[in-house]
Amino acid sequence: MAFAVVPEPVPAPGTGEVIGIDRGVTITAALSDGRKLNCPQLTVKERARIRKHERRAARAKKGSPEKRAGYAKAARLKAREVNRRKDWCEKISTLLARGFDLIRFEKLNIKNMTRSAKGTVEQPGRNVAQKSGLNRGILAQGWGLLRQRTEDKAPGRVEDVPAPYTSLRCSACGWIEKKSRKSQADFECVSCGFICNADENAANNVAAGQGGIPRPRRSAGAGGVTAATSRSNAREPQPNWVGIPLF
Ligand SMILES: [Zn+2]
């Protein structure tokens, strides 16, 4: 998706504040300050109307006005979603560029995500996992657009954080463990007991520039001290928020 005009850069606030943004399945973007932002999508009703118009158009006689009108109506509805997404990206990217000196995005493989939802632009719903009611292709596009637009407004202040472990890493002590992710919404560190909304915890990791590299696990062989060691570490001040590499 291209914009005709690249916007003027927004001045940095100069507060030294860093924000991390994590992509969620149920929430489009979770911010490390606890905010949860959703990219607008078409409603179920609107989607049904698109399908209805397309179905009618497909059945209509070749070259007939009905055929043309059906496809035109479907196209207008699809354009509505694109516009909503653009508006949302404008609003959020300005908010980020104005509010924070450094903006860190969870690095995604957008290409793969989009491929998994191939066909969505032409035929929404086809080949798309609709289980959660989300159109992943659309969300991926919204994400890519938000990232690009933020970079436009905050040149040199946007970073991508490789993110394979952001959802499993404890943002308080750095421990990476599958079991800490109790559910879609809840994170509870099995090592230090830190409790946090799972999306916010992930966004904290992104803000800290952490998540790509698993913290080297201490072997439990030497007296089985993993829990004790990490617990004592958790009491020490953790420089996560300023993004200083921990190791
Ligand atoms: Zn922890």
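Residues numbered from 1 in each chain as written. Predicted model: local features only at pLDDT ≥ 70, side-chain atom pairs only at ≥ 80, totals over all residues. Heavy atoms only, no water.

Chemist: Where do I start with the pairing of strand 1 (residues 18-23) in this structure?
Modeler: Two faces belong to every sheet, and in a regular strand the side chains alternate between them. Counting buried residues along strand 1, five of its six residues qualify, which places the element largely inside the surrounding structure. Two strands pair when backbone bridges link them, and strand 1 and strand 4 (residues 102-107) are joined in this way by four bridges, in the parallel orientation. The residue of strand 4 that forms the bridge with I19 is I103. As paired elements, strand 1 and strand 2 (residues 29-31) share three bridges and run antiparallel to each other. Pairing of D22 across the sheet is with A30, part of strand 2. (Buried < 20%, exposed > 50% of the residue type's maximum accessible area, 1.4 Å probe, protein only. Helix = DSSP H or I, 4+ residues; strand = E, 2+ residues; numbered from the N terminus. Pairing = 2+ DSSP bridges.)

Chemist: Explain a positive patch on the surface to me, please; I cannot follow it from the model alone.
Modeler: Among the surface-exposed residues, R49, R51, K52, R55, R56, R59, K73 and R76 lie close enough to one another that they form a single positively charged patch. Mapped by element, the contributors of at least two residues to the positive patch are helix 1 (44-59) and helix 2 (65-99). If one sorts the elements of the positive patch by residue count, helix 1 sits on top with six residues. Taking the relative accessible area as the measure of exposure, R49 reaches 38% and is therefore partly exposed. (Patch = residues over 30% accessible without salt bridge, like charges linked within 9 Å, V, L, I, M, F, W, Y side chains within 5 Å. Areas by Shrake-Rupley, 256 points an atom, 1.4 Å probe, with all protein chains shown as cover. Salt bridge = Lys/Arg side-chain N within 4 Å of Asp/Glu carboxyl O. Lys, Arg positive; Asp, Glu negative; His and termini not counted. Charge placed at Lys NZ, Arg CZ, Asp CG, Glu CD.)

Chemist: Where do I start with the packing of aromatic side chains in this structure?
Modeler: For any two aromatic rings, the description comes down to two numbers: the centre-to-centre distance and the angle of the planes. Taken as a whole, this structure holds one aromatic pair when the rule is applied. Where F105 meets W143, the ring centres are 5.7 Å apart and the plane angle is 80°; that geometry is what we call edge-to-face. Taken together, the residues F105 in strand 4 and W143 in helix 4 (residues 136-153) connect sequence positions 38 residues apart. A relative accessible area of 3% means that W143 is categorised as buried. (Phe/Tyr/Trp six-rings, centres within 6.5 Å; stacked < 30°, edge-to-face > 60°.)

Chemist: Would you explain the coordination of the zinc ion in this entry?
Modeler: For a metal bound by four donors in tetrahedral geometry, the ideal donor-metal-donor angle is 109.5 degrees, whereas six donors in octahedral geometry ideally sit at 90 or 180 degrees. Taken together, C170 (SG), C173 (SG), C189 (SG) and C192 (SG) make up the full set of protein donors to the zinc ion, lying 2.3 Å away. Viewed at the metal, the four donor atoms of the zinc ion are separated by angles of 105 to 114°, and the geometry they form is tetrahedral. Spacing between the donor residues of the zinc ion along their common chain follows C-x2-C-x15-C-x2-C. Judged on exposure class, the residue C170 and its partner C173 are both buried. (Donors = N, O, S within 2.8 Å, 3.2 Å for Na, K, Ca; no water. Tetrahedral: all angles 85-135°; square planar, octahedral: opposite > 155°, others 65-115°.)

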